[in-house]
Amino acid sequence: MAALEQNQFVISGQVLKLGNERFSPSGIPHYKIMIEHRSKQWEAGSGRLAACRVMVQFSGESLVSQARQIELGEKIVVKGFLSVPLKTLQSDVPSELRFDPILHAQHIEIMRRAANAHP
């Protein structure tokens with residue numbers, strides 16, 4: 001049963017859109033960005049282009065503070081978990097109105113900083 005409870009996602013990508021900071025009713029800061037991933041992956045013995053756009057949400061002062069430093073066009077690596085708002089999972093919500101999953105960040109690496117850290 002434990003295997004069904006796993007939810008970890010790691011992706012690298014280029015920042016396409018910077019969002020606005022907002023606060024939850026309890027005062028927790030949240031910040032969203034959109035990234036685009038493109039890579040060559042192997043499937044069934046041959047290479048193929050893998051591409052997607054992912055909305056990333058940063059929550060809490062520490063992660064939001066890091067996310068504020070991200071610039072448009074930068075390459076980043078994000079680790080976190082995927083989720084949609086629970087209300088969209090209700091059976092009475094038509095499937096075409098359900099949201100795509102959002103990557104809720106737990107760790108971020110901004111590639112320019114990693115490159116500059118080791119000259």
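Just so you know, the residues in each chain are numbered from 1, in the order the chain's sequence is written. With the structure being a predicted model, the display of local features is reserved for residues of pLDDT at least 70 and the display and counting of side-chain atom pairs for 80 or more, all residues being used for whole-chain, interface and lining totals. Side-chain measures here rest on the full set of heavy atoms in the structure, leaving out hydrogens and waters.

Asker: How should I be thinking about the overall build of the protein in this particular structure?
Answerer: Secondary structure assignment for the protein yields two helices and five strands. A run of DSSP states H or I qualifies as a helix once it reaches four residues; a run of E qualifies as a strand once it reaches two. Both are numbered from the N-terminal end. Counted from the first residue to the last, the protein has its helices and strands arranged as β-β-β-α-β-β-α. On the protein, roughly 8400 Å² of surface is accessible, and the fraction owed to carbon and sulfur atoms is 54%. Note that accessible areas follow from Shrake-Rupley with a 1.4 Å probe, and for residues the cover is restricted to the protein chains shown.

Asker: Would you take a moment to explain the nonpolar core for this structure?
Answerer: Grouped burial of nonpolar side chains is what soluble globular proteins tend to show. Counting 18 residues, the largest nonpolar core has Ile-33, Ile-35, Val-56, Phe-58, Ile-70, Ile-76 and Ile-108 as the members making the most contacts within it. Where this core is concerned, the elements lending two or more residues are strand 1 (9-23), strand 2 (29-43), strand 3 (46-59), helix 1 (61-67), strand 4 (75-83) and strand 5 (102-110). A total of four residues in this core trace back to one element, the largest contributor, which is strand 5. Working rule for contacts: check all heavy atoms of both residues, and any pair within 4.5 Å makes them a contact. If we skip the residues at most four places from it in the chain, Ile-35 touches Ile-11, Gly-13, Gln-14, Val-15, Leu-16, Cys-52, Arg-53, Val-54, Val-56 and Ile-76. Joining through side-chain atoms within 4.5 Å is the link that ties buried Ala, Val, Leu, Ile, Met, Phe, Trp, Tyr and Cys residues into a set, and such a set is a nonpolar core. Type-normalised accessible area, obtained with a 1.4 Å probe on protein chains alone, sets the label of each residue: buried when under 20%, exposed when over 50%, and partly exposed for intermediate values.

Asker: What should I look at first to understand unusual backbone geometry in this one?
Answerer: Apart from glycine, the bulk of residues carry a negative phi angle, and the bulk of peptide bonds sit in the trans form. You will see that Ala-44, though not glycine, has its phi angle at about 50°, which is positive. Secondary-structure assignment places Ala-44 in the loop between strand 2 and strand 3. Residue Ala-44 is classed as exposed on the basis of its relative accessible area, which comes to 82%.

Asker: So what exactly am I meant to see when it comes to the environment of Leu-16 here?
Answerer: With respect to the helices, strands and loops of the structure, Leu-16 is situated in strand 1. Not counting the four nearest positions on each side in its chain, Leu-16 is found in contact with Met-34, Ile-35, Glu-36, Arg-53 and Leu-72.

Asker: Mind showing me how you'd approach the sheet that holds strand 5 here?
Answerer: Backbone hydrogen bonds are what pair the strands of a sheet, in a parallel or an antiparallel way. What makes two strands pair is DSSP finding at least two bridges between them. Reading around the barrel, the five strands line up as 1-2-3-5-4 and close back on themselves, with mixed pairing between neighbours. Averaged over neighbouring strand pairs, the angle between their axes works out to 45° when direction is ignored. Axis angles are defined between N-to-C directions and span 0 to 180 degrees, where every axis is a line fitted to C-alpha atoms and, for a helix, only to the segment in contact.

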